[in-house]
Amino acid sequence: MNTPHILLFFHLLGVIVWVGGMAFAYLCLRPAAAALAPPERLRLWAGVFSRFFPMVWVAVLTILVTGFGGLMTVGFADAPRAWHIMMSIGLVMVAIYVYVWFVPWQRLRQAVAAERWPDGGAALGRIRQAVSVNTSLGFINVAVATLGLAA
C-alpha cells in the first residue's frame, strides 16, 4: 500500500463516521425519538451525543490530517479544484461542529442534568439545525468527491 491509499482510507473512514452518523441521527433517530415525552427524548439525545460527539472529534481530526496530507502530496497549487472545494466545505463543517460542541451541546448537558426541559429543548433545536446544515454540506462534499468533479 502506498501513502495516498492509506490517507484516503482513513479520510473516508472519518467521513463515514461523521456524515453517516449525522444522517442516521437526523433521518432515523430524530423522527423515532419525537414520539417520546420531552424528558425521555432529551435524556436519549444527551446519551446519544455523549457517545457520538467524541467519535466526531476523532473523525474531524482524522479528516483534517488526511485531507491536508493528501493536498501536500500533490501540492496545493497542483491539487484539483474539487479538493479545494471539499477542503473549504469541510472547514465550514468543522466550524459548525466546534460551535455545536461548545455552545448548544454544553447547554443541553446542563439542562438535562438540572431537568430544565424547556432549556434542553431549545439547545436540542439548535443542535438539530446545525446537524441539518452539516449533513447537507457533507452530502455536497461526497458529491464533489464522487461525481467526477475531483479529477
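Here, the structure is the one placed above.
Throughout what follows, the structure given in this document is the object of discussion. These numbers come from a predicted model, not from an experiment.

### Notes on the packing of aromatic side chains
Inference 1: What the rule picks out here adds up to 12 aromatic pairs.
Inference 2: Between Phe 52 and Phe 53, the aromatic rings sit 6.2 Å apart at their centres with planes inclined by 40 degrees, giving tilted as the arrangement. In this structure, Phe 52 and Phe 53 share a single accessibility class: buried.
Inference 3: Ring geometry for Trp 57 versus Tyr 97: centroids 4.9 Å apart, planes at 70 degrees, classification edge-to-face. Residue Trp 57 is located in helix H2 (residues 38–74), and its partner Tyr 97 is located in helix H3 (residues 81–102); the two are separated by 40 residues in the primary sequence.
Inference 4: Given the relative accessible area of 4%, Tyr 97 is considered buried.
Inference 5: Ring pairs connect the aromatic residues Trp 18, Trp 45, Phe 49, Phe 52, Phe 53, Trp 57, Tyr 97, Trp 101 and Trp 105, which therefore count as one cluster.
Inference 6: The lysine or arginine in question, Arg 30, covers the ring of Tyr 26, its NZ or CZ lying 4.9 Å from the ring centre.

### What to know about the environment of Pro 104
Inference 1: Mapped onto the elements of the fold, Pro 104 is located in helix H4 (residues 104–113).
Inference 2: Relative accessible area serves as the criterion here: at 0%, Pro 104 is assigned to the buried category.
Inference 3: The spacing of Pro 104 and Arg 126 is 22 residues in sequence and 6.3 Å in space, taken between C-alpha atoms.
Inference 4: Discounting chain neighbours no more than four positions away, the residues touching Pro 104 are Tyr 99, Ala 123, Arg 126 and Ile 127.

### Quick notes on the side chain of Thr 135
Inference 1: Counting through the fold element by element, Thr 135 comes out in helix H5 (residues 117–146).
Inference 2: Once residues lying within four places of it in the same chain are set aside, the contact partners of Thr 135 are Met 22 and Ala 23.

### Thoughts on the packing of H2 against H4
Inference 1: The N-to-C vectors of H2 and H4 enclose an angle of 135 degrees; their axes lie 10 Å apart at closest approach. Comparing the axis directions of H2 and H4 gives the class oblique. Note on packing geometry: the crossing formed by H2 with H4 is left-handed. Taken together, the residues of H4 that come into contact with H2 (itself represented by Leu 42, Arg 43, Ala 46, Phe 49, Ser 50 and Phe 53) are Trp 105, Leu 108 and Val 112.

### Topic: the environment of Pro 38
Inference 1: Mapping Pro 38 onto the fold places it in helix H2.
Inference 2: A residue is classified by how much of its surface remains accessible, and Pro 38, at 39% relative accessible area, is partly exposed.
Inference 3: C-alpha separation for the pair Pro 38 and Gly 125, spaced 87 residues apart in sequence, amounts to 12 Å.

### Some details on unusual backbone geometry
Inference 1: One non-glycine residue, Glu 115, adopts positive backbone phi at about 55 degrees.
Inference 2: Position of Glu 115 among the secondary structure elements: in the loop between H4 and H5.

### Quick look at the packing of helix H1 (residues 3–33) against H3
Inference 1: Between H1 and H3, the least distance of the axes is 13 Å, while the angle of their chain directions is 60 degrees. In terms of orientation, H1 lies oblique with respect to H3. For the element pair H1 and H3, the recorded crossing hand is left-handed. Contacts from Trp 18, Val 19 and Met 22 in H1 reach Met 93, Val 94 and Tyr 97 in H3.
Inference 2: Classifying every residue of the contact of H1 with H3 gives 6 nonpolar, no polar and no charged.

So, how was this worked out
- Residues numbered from 1 in each chain as written.
- Predicted model: local features only at pLDDT ≥ 70, side-chain atom pairs only at ≥ 80, totals over all residues.
- Heavy atoms only, no water.
- Phe/Tyr/Trp six-rings, centres within 6.5 Å; stacked < 30°, edge-to-face > 60°.
- Buried < 20%, exposed > 50% of the residue type's maximum accessible area, 1.4 Å probe, protein only.
- Helix = DSSP H or I, 4+ residues; strand = E, 2+ residues; numbered from the N terminus.
- Lys NZ or Arg CZ within 6 Å of the ring centre and 35° of its normal.
- Contact = heavy atoms within 4.5 Å.
- Axes fitted to C-alpha atoms, helices over the stretch in contact; angles between N-to-C directions.
- Parallel < 35°, antiparallel > 145°, perpendicular 65-115°, else oblique.
- Left-handed = near helix turned anticlockwise from the far one by under 90°.
- Nonpolar A, V, L, I, M, F, W, Y, C, P; charged D, E, K, R; others polar.

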